[in-house]
Amino acid sequence: LSFQTIMEEADELGSEEWERRGGWILPGGIEEFQKRIEGTHIVLPRYPGLAAGRIFGRKKKLNESITNDLQFSMKCIFGALVLSVGLEKAWTLFLPVFLELLVLSPEELRKCYAGI
C-alpha cells in the first residue's frame, strides 16, 4: 500500500464530507472558511484528505515505512524550497497545509472531526 493510494482514498472521503457541509468541514462551508482566513492570500480550503492533522478515514497508525517516506519527502521538499526561495516564501507555500488547522478551535476540531 503506497502513501499516494492512502491519500487518494482520504481525499475522496474528505471531499464527500466537505461537499455535504458546503465546501469545508465546518457548517457554513466555504463562506465560513473565507471569513476565518480573511487577510491571507488563500481563497479556498485545499486539503480535504487531511482531518485535524490525521488522514481522513484512517483509524490506525500508518505503516512505519509509509510514515518514514512521508517524513523524508517533506523534509526534502521544505529544505529545497527554503534553499531556493528563502524561509519566508517557503512558509507561505506551506501555510495552506497548516492554516485549516490553525483557524479551528480545539473544541471545533474535536466536534467536526469526531469519528474520522
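Once a new chain begins, its residue numbering starts again from 1 and follows that chain's sequence as written. Local features in this predicted model are restricted to residues of pLDDT 70 or higher, and side-chain atom pairs are both shown and tallied only at a pLDDT of 80 or more, whereas totals for entire chains, interfaces and linings draw on every residue. Heavy atoms throughout the structure, all of them, feed into the side-chain values; hydrogens and water do not.

### A closer look at the pattern of salt bridges
The line we're drawing: Think of a salt bridge as a Lys or Arg side-chain nitrogen and an Asp or Glu carboxyl oxygen that are within 4 Å of each other. Each helix is a run of H or I in the DSSP string that is no shorter than four residues. Each strand is a run of E no shorter than two, and both are numbered from the N terminus. A 1.4 Å probe rolled over the protein chains alone gives each residue an accessible area, and that area as a share of the maximum for its type sets the label: buried under 20%, exposed over 50%, partly exposed in between.
This structure, assessed with the given rule, holds 6 salt bridges. For R110, the salt bridge goes to E107, with nearest N and O atoms at 3.4 Å. With R110 and E107 both in helix α5 (residues 106-112) and 3 residues apart, the pair spans about one turn of that helix. Taking relative accessible area as the criterion, R110 reaches 54% and is therefore assigned exposed. For E107, a relative accessible area of 49% gives the class partly exposed.

### Side note on helix α2 (residues 29-36)
Rules: Relevant arc is that of directions from the helix axis to the C-beta atoms, nothing else.
Within the sequence span of α2, burial applies to G29, E32 and F33. Looking down the long axis of α2, one finds its buried residues gathered within 100° of arc, a one-sided arrangement. Relative to its buried face, α2 has exposed residues pointing more than 90 degrees away, namely E31 and K35.

### Side note on the side chain of E17
Keep this limit in mind: Polar contacts, as counted here, are pairs of nitrogen or oxygen atoms within 3.5 Å of one another; within protein the pair requires one atom able to donate a hydrogen and one able to accept it, and residues that are adjacent in sequence qualify only if both atoms are side-chain atoms. Contacts are residue-level and defined by heavy atoms, with any inter-residue pair within 4.5 Å sufficient.
The residue E17 is located in helix α1 (residues 3-20) in this model. A distance of 2.9 Å separates a polar atom in the side chain of E17 from a polar atom in the side chain of R21. If we ignore the near neighbours within four places in the chain, the residues touching E17 are I25 and F56.

### Examining helix α4 (residues 87-102)
The following threshold applies: Residue count minus one, scaled by 1.5 Å, sets the expected span of a helix. We define the bend at any residue as the angle between the axes fitted to the seven residues before and including it, ending there, and the seven starting there.
Compared with the 22 Å implied by 1.5 Å per residue over 16 residues, the 20 Å span of α4 between its first and last C-alpha is markedly short. Of all the bends in α4, the greatest, near 50°, is centred on P96. Regarding α4, the residues found buried are A90, F94, L95, P96, L99 and E100. Residues of α4 that are buried in the fold lie against α1, α2 and α3 (64-85).

### Considering the side chain of E32
Turning to its location among the elements, E32 is positioned in helix α2. When sequence neighbours within four positions are dropped, the list of residues in contact with E32 reads W24, L26 and P27.

### Some details on the packing of aromatic side chains
Going by this rule: For this analysis, a ring pair means two rings from Phe, Tyr or Trp (six-membered ring only for Trp) whose centres lie within 6.5 Å, classed as stacked if their planes differ by under 30 degrees, edge-to-face if by over 60, and tilted for the remaining angles.
For the coordinates displayed, the defined rule picks out 2 aromatic pairs. For the pair W24 and F33, a centre-to-centre distance of 5.0 Å together with 70° between the ring planes defines the contact as edge-to-face. Neither residue differs from the other here; W24 and F33 are each classed as buried. Here the aromatic rings of F78 and F94 are separated by 4.8 Å at their centres, their planes lie at 75°, and the arrangement is edge-to-face. A residue pair is termed long-range when its members are at least 10 positions apart, and F78 in helix α3 and F94 in helix α4 qualify at 16 residues.

Structural measurements only, silent on function.
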